[in-house]
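# Breakdown of the fold
Residue-level listing of the chains:
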Amino acid sequence: MSRLTLDNLIEEIVKLVPEFKEHEDYKVFDIKDEEEKRFLLGVFGRFFKERVEKYPIDDPVIQRVYQFLNQQFNDPAINKDVMDLLIIDIFENLSPYEKCMDVSRKLLTGKALEAFNVTAEYF
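First, a word on scope: everything that follows refers to the structure included in this document. Keep in mind that what you see is a predicted model, and the values were worked out from it rather than measured.

### Some words on the pattern of salt bridges
Applying the stated criterion to the full structure yields 10 salt bridges. The partner of Arg38 in a salt bridge is Asp7, with the nearest N and O atoms 3.4 Å apart. Highlighted residues: Arg38 in the loop between helix H1 (9–16) and helix H2 (40–54) and Asp7 in the segment before H1, separated in sequence by 31 residues. Judged by its relative accessible area of 41%, Arg38 is partly exposed. Ionic pairing is found between Lys15 and Glu12, a salt bridge with its closest N-O pair at 3.1 Å. Residue Lys15 and its partner Glu12 are located together in helix H1, separated by three residues, close to a single helical turn. Residue Lys15 is classed as exposed on the basis of its relative accessible area, which comes to 59%. Within this structure, Glu11, Glu34 and Lys37 form a network of salt bridges that share partners.

### Describing the environment of Val14
By secondary structure assignment, the location of Val14 is in helix H1. When its relative accessible area of 8% is taken as the criterion, Val14 is described as buried. Put simply, Val14 and Glu53 are 39 residues apart on the chain and 20 Å apart in space, counted from C-alpha to C-alpha. Not counting chain neighbours up to four residues away, the residues in contact with Val14 comprise Phe20, Lys21, Tyr26 and Ile31.

### Some thoughts on the nonpolar core
Most often, soluble globular proteins have nonpolar side chains that are buried together. Within the largest apolar cluster, 38 residues are counted, with the highest numbers of intra-cluster contacts made by Phe20, Phe44, Phe48, Tyr66, Leu69, Leu86 and Phe91. Looking at this core, the elements that each hand over two or more residues are H1, H2, helix H3 (60–73), helix H4 (80–94), helix H5 (98–107) and helix H6 (110–120). Discounting residues that sit within four places of it in the chain, Leu69 has contacts with Leu86, Ile90, Phe91, Leu108 and Ala112.

### Considerations on a negative patch on the surface
Taken together, the side chains of Asp30, Asp33, Glu35 and Glu36 make up a negatively charged region of the molecular surface. Within the element layout of this structure, Glu36 appears in the loop between H1 and H2. Look at Glu36 and you get partly exposed, because its relative accessible area is 30%.

### What about H5?
Listed as buried for H5 are Cys100, Met101, Val103, Ser104 and Leu107. For H5, the elements touching its buried residues are H2, H3, H4 and H6.

Basis of the calculations
- Residues numbered from 1 in each chain as written.
- Predicted model: local features only at pLDDT ≥ 70, side-chain atom pairs only at ≥ 80, totals over all residues.
- Heavy atoms only, no water.
- Salt bridge = Lys/Arg side-chain N within 4 Å of Asp/Glu carboxyl O.
- Helix = DSSP H or I, 4+ residues; strand = E, 2+ residues; numbered from the N terminus.
- Buried < 20%, exposed > 50% of the residue type's maximum accessible area, 1.4 Å probe, protein only.
- Contact = heavy atoms within 4.5 Å.
- Core = buried A, V, L, I, M, F, W, Y, C linked by side-chain atoms within 4.5 Å.
- Patch = residues over 30% accessible without salt bridge, like charges linked within 9 Å, V, L, I, M, F, W, Y side chains within 5 Å.
- Areas by Shrake-Rupley, 256 points an atom, 1.4 Å probe, with all protein chains shown as cover.
- Lys, Arg positive; Asp, Glu negative; His and termini not counted.
- Charge placed at Lys NZ, Arg CZ, Asp CG, Glu CD.

If you want it as structure tokens, here you go:
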């Protein structure tokens, strides 16, 4: 995976989770349109929340996404704007839901877990 930037974030997530393309709301925004594609991260956050709620913790998609989040947040060179978007669009989608909180606290580590816990305080 290449270094995440605001320009490549959603493309990298789609590569990581091709199952996201099957989500009913994936085509609402155009991934080729620079302005619209950023909205897809929020759509991904909702897709992932639904996945965590409906599937067991050992689901391959769930495992890949949490591994990705751990890698990103625990990388000292993470782009702060990218980190903020991951918090807003993924952690804020997970935080209000009990099962999502439980799974997140089991699978996140280090700075990813710290960022999640700070986010969860608001829900």
